[in-house]
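If you want the building blocks of each chain, they are given just below.
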Number of protein chains: 2
Amino acid sequence: MTDYYSRHSATLAKAIDACDKRYSWTAYPESPSSKIHGVEKPKAGKARFEALLGTDYPLEQPGEIGRTGAEVSPYTGEPLGISYPKMDAELLYEAIREGMPAWRKASPETRIGICLEILDRCADQLFENAHATMHTSGQSYIMAFAGSGANALDRGLEALAYAHKAMADVPATAQWERQFGKGGAARLEKQYQLMPRGVGVVICCATFPLWNGYPAMCASLATGNPVVLKPHPSAILPVAMLVTVAREVLAEAGFDPNLVTMVADTREQPATMQLLEHPDTAIVDFTGSPRFGQWLERNCADKLVFTETAGCNSVVIESCDDLQAMASAIAHSLCQASAQMCTSVQNIHIPAGGILAAGQPVSFDEVAQAIVAGVEKYLENPQVLCGTLVDDSILATIERYRGLAGEHGRLLRDSGPLEYAEFPHARTASPLILEVGGEARDIYRDEIFGPVSFVIKGASSDDCLRDATANARECGAITSHVYSVDEGFLDRAVDAYHAAGASVACNLVGMPINFAAAYSDYHVTGLNPAGNACLADLAFVANRFRIVQSKRMI
Amino acid sequence: MTDYYSRHSATLAKAIDACDKRYSWTAYPESPSSKIHGVEKPKAGKARFEALLGTDYPLEQPGEIGRTGAEVSPYTGEPLGISYPKMDAELLYEAIREGMPAWRKASPETRIGICLEILDRCADQLFENAHATMHTSGQSYIMAFAGSGANALDRGLEALAYAHKAMADVPATAQWERQFGKGGAARLEKQYQLMPRGVGVVICCATFPLWNGYPAMCASLATGNPVVLKPHPSAILPVAMLVTVAREVLAEAGFDPNLVTMVADTREQPATMQLLEHPDTAIVDFTGSPRFGQWLERNCADKLVFTETAGCNSVVIESCDDLQAMASAIAHSLCQASAQMCTSVQNIHIPAGGILAAGQPVSFDEVAQAIVAGVEKYLENPQVLCGTLVDDSILATIERYRGLAGEHGRLLRDSGPLEYAEFPHARTASPLILEVGGEARDIYRDEIFGPVSFVIKGASSDDCLRDATANARECGAITSHVYSVDEGFLDRAVDAYHAAGASVACNLVGMPINFAAAYSDYHVTGLNPAGNACLADLAFVANRFRIVQSKRMI
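Fair warning: this is a prediction, and the values are worked out from it, not measured in the lab. (Residues numbered from 1 in each chain as written. Chains lettered and ligands numbered in written order. Predicted model: local features only at pLDDT ≥ 70, side-chain atom pairs only at ≥ 80, totals over all residues.)

Secondary structure assignment for chain A yields 19 helices and 20 strands. The C-alpha radius of gyration of chain A comes to 25 Å, within 12% of the 24 Å expected for a compact globule of 554 residues. Across its three principal directions, the C-alpha atoms of chain A cover 80 × 65 × 45 Å. Expressed as a percentage of the 554 residues in chain A, the buried residues total 59%. (Helix = DSSP H or I, 4+ residues; strand = E, 2+ residues; numbered from the N terminus. Rg over C-alpha atoms; globule rule 2.2 N^0.38 Å. Buried ≥ 20, exposed ≤ 12 C-beta atoms within 10 Å, placed from the backbone.)

What follows concerns the packing of helix α1 (residues 4-21) of chain B against helix α5 (residues 108-123) of chain B. Residues and elements named next belong to chain B. With their axes 8 Å apart at the nearest point, α1 and α5 run at an angle of 70 degrees to one another. What the angle tells us is that α1 and α5 run roughly perpendicular. Contact residues: α1 offers Tyr 4, Tyr 5, His 8, Thr 11 and Leu 12, while α5 offers Glu 109, Thr 110, Ile 112, Gly 113, Ile 114, Leu 116, Glu 117 and Asp 120. Here the residues of the contact of α1 with α5 are counted per class, giving six nonpolar, four polar and three charged. (Axes fitted to C-alpha atoms, helices over the stretch in contact; angles between N-to-C directions. Parallel < 35°, antiparallel > 145°, perpendicular 65-115°, else oblique. Contact = placed C-beta atoms within 7 Å. Nonpolar A, V, L, I, M, F, W, Y, C, P; charged D, E, K, R; others polar.)

In summary, soluble globular proteins display a tendency toward joint burial of nonpolar side chains. Within the largest apolar cluster, 382 residues are counted, with the highest numbers of intra-cluster contacts made by A:Leu160, A:Ala163, A:Phe540, B:Leu160, B:Ala163 and B:Phe540. Leaving out residues up to four positions away in the same chain, B:Leu160 has contacts with B:Leu12, B:Ile112, B:Cys115, B:Leu116, B:Cys218 and B:Ala222. (Core = buried A, V, L, I, M, F, W, Y, C linked by C-beta atoms within 7 Å.)

Residues and elements named next belong to chain A. Reading across the sheet, the five strands line up as β7-β6-β5-β8-β9 and stay open at both edges, with parallel pairing between neighbours. Edge positions in the sheet fall to β7 (260-262) and β9 (304-308), since each has one partner strand and no second. Going across the sheet, the axis of each strand differs from the next one's by a mean of 15 degrees, ignoring polarity. Here strand β5 (residues 199-203) pairs with strand β8 (residues 281-287) via five bridges, running parallel. Across the sheet, residue Val 201 finds its bridge partner in β8, namely Val 284. Where helix α8 (residues 213-222) meets the sheet, its contacts fall on β5, β6 (227-230), β7, β8 and β9, and the angle it forms with β6 comes to roughly 160 degrees. (Pairing = 2+ DSSP bridges.)

Attention shifts here to the interface of chain B and chain A. The interface is formed by 60 residues belonging to chain B together with 60 residues belonging to chain A. The set of elements that each furnish at least two residues to the side of chain B that touches chain A consists of α1, β3 (173-179), β4 (185-196), α11 (290-299), α18 (487-499), β19 (504-506), α19 (538-541) and β20 (545-553) of chain B. Sorting elements by how many residues they give to the side of chain B that touches chain A places β20(B) first, with eight residues. Of the residues that constitute the side of chain B that touches chain A, the class distribution is 29 nonpolar, 16 polar and 15 charged. Two strands pair when backbone bridges link them, and strand β19 (residues 504-506) of chain A and β20(B) are joined in this way by three bridges, in the parallel orientation.

A word on the environment of A:Asn471. Residue and element names in this part refer to chain A. Its place among the elements puts Asn 471 in helix α17 (residues 461-475). Looking at Asn 471, the number of C-beta atoms within 10 Å reads 26, which means it is buried. Distance in space between the C-alpha atoms of Asn 471 and Asn 528 is 9.6 Å, their sequence separation being 57 residues. Once residues within four sequence positions are removed from consideration, Asn 471 is found in contact with Cys 312, Ser 314, Asn 347 and Arg 445.

When a strand is regular, its side chains alternate between the sheet's two faces. Residues and elements named next belong to chain A. What you see with β6 is no split at all: Val 227 and Leu 229 on one side and Val 228 and Lys 230 on the other are buried throughout. Where the polypeptide runs from β5 across α8 and back to β6, its parallel neighbour, the crossover connection is right-handed. Relative to β7, β6 runs parallel, the two being bridged by three bridges. The partner of Leu 229 across the bridge, within β7, is Met 262. Tracing the backbone out of β6, into helix α9 (residues 237-252) and back to the parallel element β7 gives a crossover that is right-handed. (Right-handed = clockwise from strand over helix to strand, strands pointing away.)

The next thing to look at is the domain arrangement of chain A. Residues and elements named next belong to chain A. Domain boundaries in chain A define domain 1 (4-172 + 197-309 + 533-545) and domain 2 (314-506). One C-alpha centre belongs to domain 1, the other to domain 2, and the line joining them spans 32 Å. Split by residue class, the side of domain 1 that touches domain 2 holds six nonpolar, nine polar and one charged. (Domains from an automatic or database assignment.)

All names here are of chain A. Close contact between helix α5 (residues 108-123) and α8 brings their axes to 9 Å; oriented N to C, the two are set at 160 degrees. If you check the angle between α5 and α8, you find them roughly antiparallel. Crossing hand, α5 versus α8: right-handed. Together, Arg 111, Ile 112, Cys 115 and Leu 119 of α5 and Tyr 214, Cys 218, Leu 221 and Ala 222 of α8 make up the contact between the two elements. Residues belonging to the contact of α5 with α8 are distributed by class as follows: seven nonpolar, no polar and one charged. (Left-handed = near helix turned anticlockwise from the far one by under 90°.)

What follows deals with the relation of the copies chain B and chain A. Laying chain B over chain A is done by rotating through 180 degrees and shifting 0.0 Å along the axis; what remains is an RMSD of 0.0 Å. Here the symmetry operator amounts to a two-fold rotation axis. Of every C-alpha in chain B, the one belonging to B:Ala301 sits nearest the axis of rotation, 2.6 Å from it. Taken as a fraction of all interface residues of chain B, those also at the interface in chain A reach 100%, which identifies the copy contact as same-surface. (Least-squares fit on C-alpha atoms with pLDDT ≥ 70 in both.)

The next subject is the confidence of the model for chain A. Model confidence for chain A is summarised by a mean pLDDT of 97, while 100% of its residues fall at 70 or above. Both confidence scores are given for the complex: pTM 0.97, ipTM 0.97. (pLDDT = per-residue confidence, 0-100.)

Right, let's get into the sheet that holds strand β10 (residues 314-317) of chain A. Here 10 strands make up an open sheet; going across it, the order is β15(A)-β16(A)-β17(A)-β12(A)-β10(A)-β18(A)-β19(A)-β20(B)-β4(B)-β3(B) and the pairing mixed. The sheet is open, and its two edges are formed by β15 (409-413) of chain A together with β3 of chain B, each paired on a single side. On average, each strand axis in the sheet is tilted by 20 degrees relative to the strand beside it, whichever way the strands run. In this structure, strand β18 (residues 480-483) of chain A lies alongside β19(A), joined through two bridges in parallel fashion. Across the sheet, residue A:Val482 finds its bridge partner in β19(A), namely A:Cys506. Along the sheet, helix α13 (residues 364-378) of chain A contacts β10, β12 (347-351), β15, β16 (432-437) and β17 (452-458) of chain A; its crossing angle with β12(A), the most-contacted strand, is approximately 150 degrees. Contacting β10, β18 and β19 of chain A together with β4 and β20 of chain B, helix α18 (residues 487-499) of chain A runs over the sheet at an angle of about 165 degrees to β19(A).

Residue and element names in this part refer to chain A. Compared with the 21 Å implied by 1.5 Å per residue over 15 residues, the 22 Å span of α13 between its first and last C-alpha is a close match. All of the buried residues in α13 are Val 367, Ala 368, Ala 370, Ile 371, Gly 374 and Val 375. Angularly, the buried residues of α13 cover 155 degrees about the axis, an arc narrow enough to put them on a single face. (Expected span 1.5 Å × (residues − 1). Arc of directions from axis to C-beta.)

Moving on: unusual backbone geometry. All names here are of chain A. In this model, Leu 535 is joined to Ala 536 through a cis peptide bond whose omega is -20 degrees. Relative to the assigned elements, Ala 536 resides in the loop between β19 and α19 (538-541). Phi is positive for Ala 337, which is not a glycine, with a value near 50 degrees. Along the chain, Ala 337 turns up in the loop between α12 (323-335) and β12. The backbone phi angle of Tyr 519 is positive, close to 70 degrees, even though this residue is not glycine. For Tyr 519, the position within the fold is in the loop between β19 and α19.

Here we come to the environment of B:Ile513. Residue and element names in this part refer to chain B. With respect to the helices and strands, Ile 513 occurs in the loop between β19 and α19. Between the C-alpha atom of Ile 513 and that of Ala 166, which follows or precedes it by 347 residues, the distance is 31 Å. Non-local contacts of Ile 513, meaning those with residues more than four positions away in its chain, are made with Ala 329, His 332, Ser 333, His 481, Ala 505 and Leu 508.

Let's shift gears to helix α6 (residues 126-137) of chain B. All names here are of chain B. With 12 of 12 residues buried, α6 lies mostly within the body of the structure. Those residues of α6 that sit buried are Leu 126, Phe 127, Glu 128, Asn 129, Ala 130, His 131, Ala 132, Thr 133, Met 134, His 135, Thr 136 and Ser 137. Contacts made by the buried residues of α6 are with α3 (40-52), α5, α7 (141-168) and α9 (237-252). Once α6 finishes, Gly 138 follows within two positions and takes phi at roughly 90 degrees, a positive value.

Dropping the structure here:
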């Protein structure tokens, strides 16, 4: 058997070092540029994706009782025509059980090595994954290559780094000796064995199918638990491609491939509940809507539940150095992936009296207009940044908020379709931006999925901060931004967001502000309604396994 | 302010090393012998305990609305006559909130230092704690000094070692720099701040009031959470004495003493639910009955719940080297603390055809009789080993099983009162031992609190193992024992117990087999119904805090 752990141990060591010091590092380049990859690889990847269209996806799992799947490309409006196994959960779980004892008894190094090899092989199929992600989640090609590709792989490796640390904290053996009264010395030889909890179900989301797919799978699998991936009905293919690789590596390493399986479904015939209700399911990882995330947190008390959902991410503007740079940074967030990211900005708080930009007074309207202008600029060439909409319902959402604009404030920028020459039937929408006051709290405190945002007029910058942080605490936030040249205000803002259980970024310009860096940014705090878990920290892994021990008198 | 962290850092470093290598070590000597402590300290401790009898316990907490407490000594049958503050939970929690921001902002080292100082001062009051434990939980003086004293302090220090490791895994700051496209380099300065979850409620048990008191308090407090201790109504005084020390140290260090408080109650007017229902309560640590432990696990989905309860601990006898030594070791467990320990043996499985002892066949009856004889031997001088019964209900339990003996098998040994010259009114009972067959499963699979045990006749040693491990899986086990000279059987037994989510000890003789060593034995696996948490591992601490971060562009 190949020693995958040795093969990849330098990568693991580097990841552990990066997590410890949290500098910028990546194991998987996020650019699909042919300067890095050559011209053949991108082409071959696309061809492999295209060859899957209209076929029965080749995935043989025990318990198949038919085929399922109804993915439709947001770019073409056409069904992908790919079918996946429709699974009988009971039969599948019976098969999964068979592989568990050998996997449990494998050393942590063996299991981590296999996970490292899975990530490595997935890195080799990032091009086909990019096309699969594009035509399911609707992301742009570049984003699909990076966000749910290379960046997500980094999160997987990061999870392995933490799994390694947590498991390495438990020694395999110990010698123990002490005196009990006059009875002489007792000498014991102790052995400590890590034990998995049971099946880990990973529920993936529609927009970033593998964002939690890699890290959650790695965290559970490395600690000894078999994993069942449950893709979103509209984004099955990227998950299926991961499952194929994982099963291949497991089998090559002499383990049961059913340690990683997939249960696909359709909206009409969902399969999630039968996985949650199965007594063997011990761990649930979820990325998706706050509503279902909170349902899981409240109703699965007998399982370990890790959630990453969403909130109403905010920007508070007190002052800035460079109005255009700031406006452009915010506008970028409103456009990127059509604001379908968990890090997309929704609420932009600006004091009614305006701000100082480079020391000069700028009115509320001028700041708002600078952001709108920033959006218009990005829309000159939208395809790479905006991508498409994952779902028809987002068009309805936009329609609804367009209707609410008059009632609650005014429309700063209307949404409209985007033109992609290559994809005339793409489902698209440019950002809808409303201007509202604090009296519209009821509408802007909801997490709105898609390109809808609010410029919110606050009485003062402190009032803006109060509102934004209260919303983070009560409604959730994954990213929060403050712009200010006043150190005192920045300190207060950091304190206020932290007290609300939120992280905060200050004065970010010249970079995509939605970006969260693996190995450096703790993603999701677990202290506000936007999720209970973090990518990644020790708490993400430490309880996925338990410890049993034996001691023998010698 | 005194630098408690520096003062105790060598102790912490040693504890971390002991946890890593799991050798035998203690920071707190468990013997009350005057050879170690001199003659004055024991005497002064007893005097301090006696001075508290019949008084209003001096504990001033905001929100006191009267006095409560109705402890009765199991040794004298007399009320202790001590009153404690009766608390209004809402007012108390309001006061607790005030101290939280400063505590959250204190460094991990500051918080750990204060916890180390608390443990150190508690070590200095182990004598009064021993008398307080004796006259509430009913333990013998020696056991009260060690089990809920020195040994529990070690578990507290162990929890601090893990809290330190988990918190030290998060760096305070990082520099981060990378290139984004052609936009130039982005340079960020990042700060990572540990955030507590909220109030940690520690529900202590009647028999070992501080067994989880020290570790749970240390784990929550060190990670930034205020702690409310909720003693069992029959064992308040030891907890009150810890709370006094903790508040004193906190105040001396310049923090709000209300970061550690106590809510005492009586059986008639319990206060637990109002603590559990308070929205500020984020963490619950519980030691006590399996029934309430499971209720907590199932009904507090919005809180972190750590439980240690009990199960039907077993011994499987396949063969042995020395029958008397084995019988004596098992008998010790049946007698120690009148089998009111979470590690007490309840079910002794012996094959019907007998065993080989030192290579010679010994019948089932002879093995059973050897255990009974071992018990009789310990009962020649019972006070130090057996102590008293914490509660009248245990006498009723014994009565019940005495009645069931005829129906389900036969009485191997009847229970009777023990005579303690010093305490003529002590509530005592010697071990009741029933002989039953597998058809009595319904009665021996319950966890029975108190000196009731079963010698269970199995068809074969493998049958014994099957029964014992099935019971561990389904009904819980904290300790399990196997006696065998057959390496193959031992390996099978270790495997079978592990597969049942249980730890196991092999061939322990010449030492108290109930003993679980801090820094070496992972106490409770969390994989069977006897609890979901372990003293102590990373999972015991890693999720008691969360991480928020700020990043600033530079």
